[in-house]
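Spelled out, the chains give:
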Amino acid sequence: MELSFRLSDYDNSLHYSIEMRKANKPDILLRQKALLIEIKSLTALDRKKEAYDSVRVADFDLRDITTAELTFIKAEWLYQNKKYKDAENEVYFLLQNFKTYSYWRAKGFILLGDIYVAMGDDFQAKATWKSVIEHHKGADLIAVAQQKLNELIASEEDSEKS
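Residues numbered from 1 in each chain as written. Predicted model: local features only at pLDDT ≥ 70, side-chain atom pairs only at ≥ 80, totals over all residues. Heavy atoms only, no water.

Peer 1: In this structure, what is going on with the environment of Asp61? I would like to understand it.
Peer 2: Along the chain, the position of Asp61 falls in the loop between helix 4 (48–55) and helix 5 (65–80). Judged by relative accessible area, Asp61 falls into the exposed class, the value being 66%. (Helix = DSSP H or I, 4+ residues; strand = E, 2+ residues; numbered from the N terminus. Buried < 20%, exposed > 50% of the residue type's maximum accessible area, 1.4 Å probe, protein only.)

Pasting the structure below:
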C-alpha cells in the first residue's frame, strides 16, 4: 500500500488501502494509516470530493502523527472550498491537540495565515507567518511562511501606491 503510493501507483495504493480498512479488525493505527493513503491517492487521482468524504470517517480521537496530517488535510480542504470559519476551527483543533508534531503545527499556522487573508485580516496573517519564521526549526516551512509574508507585504505596498 505505502510502496504503491510512493511509486505514484495511486490506483493500486487506493485498492490496497481500501482492502486494508475492510480487513477483519485491523489495528486502529494501521486502519488510520490506510485511510491516509486512501485520501492521498484519491487526491492524486483528482477525486477530491471522495477524498474529503473519506476524511470524515477518520478517528480524530487518536493523537498520532497520521491523525495530525488527516486533520491538516481536512482543514486545507475546508479552506479550498471557502469554508473559512470551519477551516479555522480545524486548524485550532490541530494546534491544540497535536502539540508534539511541530511540522504539522507549522503547516497549520501557515494555513491559518491563508485563512486570515481570505477573511480580510491581513494583520493576523502577517503575525501568524512571522511566528512560524521566528519559532519553527524547519527551513522548508520557514521559506513558505517568508514567501507568503513577502507577497502580502508587496501586495499591500502596491495597494498603497494605487
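Peer 1: Any chance you could explain the layout of surface pockets here in plain terms?
Peer 2: Leftover empty space is mapped by rolling, across the atoms, a probe with the size of a water molecule. Volume-wise, the largest pocket comes out at about 230 Å³. Taken together, Ile39, Lys40, Thr43, Lys48, Ala51, Tyr52, Val55, Ile73, Glu76, Trp77 and Gln80 make up the full set of residues lining the largest pocket. Elements that contribute at least two residues to the lining of the largest pocket include exactly helix 3 (28–44), helix 4 and helix 5. Along the lines of polarity and charge, the residues of the lining of the largest pocket split into 6 nonpolar, 2 polar and 3 charged. (1 Å grid on protein atoms, 1.4 Å probe; cavity = no way out; pocket = protein on both sides within 12 Å on 5 of 7 lines; lining within 4 Å. Points joined across faces, edges and corners; volume = space filled by probe spheres on them. Nonpolar A, V, L, I, M, F, W, Y, C, P; charged D, E, K, R; others polar.)

Peer 1: Explanation requested: the packing of helix 8 (residues 122–135) against helix 9 (residues 139–161) in the structure shown.
Peer 2: Two quantities define a packed helix pair, namely the angle between the axes and the distance from one axis to the other. Packing of helix 8 against helix 9 leaves a shortest axis separation of 8 Å and a crossing angle of 150°. Compared by their axis directions, helix 8 and helix 9 come out roughly antiparallel. The interaxial crossing formed by helix 8 with helix 9 has left-handed handedness. Along the contact surface, helix 8 presents Asp122, Ala125, Lys126, Trp129, Lys130, Val132 and Ile133, while helix 9 presents Leu141, Ile142, Ala145, Gln146, Lys148, Leu149, Leu152, Ile153 and Glu156. Of the residues in the contact of helix 8 with helix 9, the class split is 10 nonpolar, 1 polar and 5 charged. (Axes fitted to C-alpha atoms, helices over the stretch in contact; angles between N-to-C directions. Parallel < 35°, antiparallel > 145°, perpendicular 65-115°, else oblique. Left-handed = near helix turned anticlockwise from the far one by under 90°. Contact = heavy atoms within 4.5 Å.)

Peer 1: Just checking my understanding: could you explain the pattern of salt bridges for this structure?
Peer 2: Note that side chains of opposite charge can pair when their charged atoms are close. Applying the stated criterion across every chain yields a total of 12 salt bridges. For Lys48, the salt bridge identified is with Asp46, shortest N-O distance 2.7 Å. For Lys48, a relative accessible area of 38% translates into the label partly exposed. Using a relative accessible area of 57% as the deciding quantity, one classes Asp46 as exposed. Here Lys126 and Glu156 are joined by a salt bridge, their closest N and O atoms 2.9 Å apart. Highlighted residues: Lys126 in helix 8 and Glu156 in helix 9, separated in sequence by 30 residues. Owing to a relative accessible area of 23%, Glu156 belongs among the partly exposed residues under this scheme. Here the salt bridges share partners, and the residues they tie into one network are Glu2, Arg6 and Lys33. (Salt bridge = Lys/Arg side-chain N within 4 Å of Asp/Glu carboxyl O.)

Peer 1: Would you take a moment to explain the packing of helix 3 against helix 5 for this structure?
Peer 2: Where helix 3 contacts helix 5, the axes come no closer than 9 Å and their chain directions differ by 35°. For the pair helix 3 and helix 5, the crossing hand works out as left-handed. Residues Gln32, Lys33, Leu35, Leu36, Ile39 and Lys40 of helix 3 pack against Thr66, Thr67, Glu69, Leu70 and Ile73 of helix 5. The residue makeup of the contact of helix 3 with helix 5, split by class, is 5 nonpolar, 3 polar and 3 charged.

Peer 1: In this structure, what is going on with the environment of Ser4? I would like to understand it.
Peer 2: For Ser4, the position within the fold is in helix 1 (residues 2–6). Judged by its relative accessible area of 13%, Ser4 is buried. For Ser4 and Tyr52, which are 48 residues apart along the polypeptide, the C-alpha to C-alpha distance reads 21 Å. Contact partners of Ser4, with chain neighbours within four places excluded, come to Asp9, Asn12, Ser13 and Tyr16.

Peer 1: Before we go on, may I ask you to explain unusual backbone geometry in this structure?
Peer 2: What is expected of a backbone is that most residues other than glycine have negative phi and most peptide bonds are trans. At Asp46, a position not held by glycine, the phi torsion is positive, near 60°. Located in the positive-phi region is Lys82, a residue other than glycine, with phi close to 60°. Of note, Lys82 is situated in the loop between helix 5 and helix 6 (84–97).

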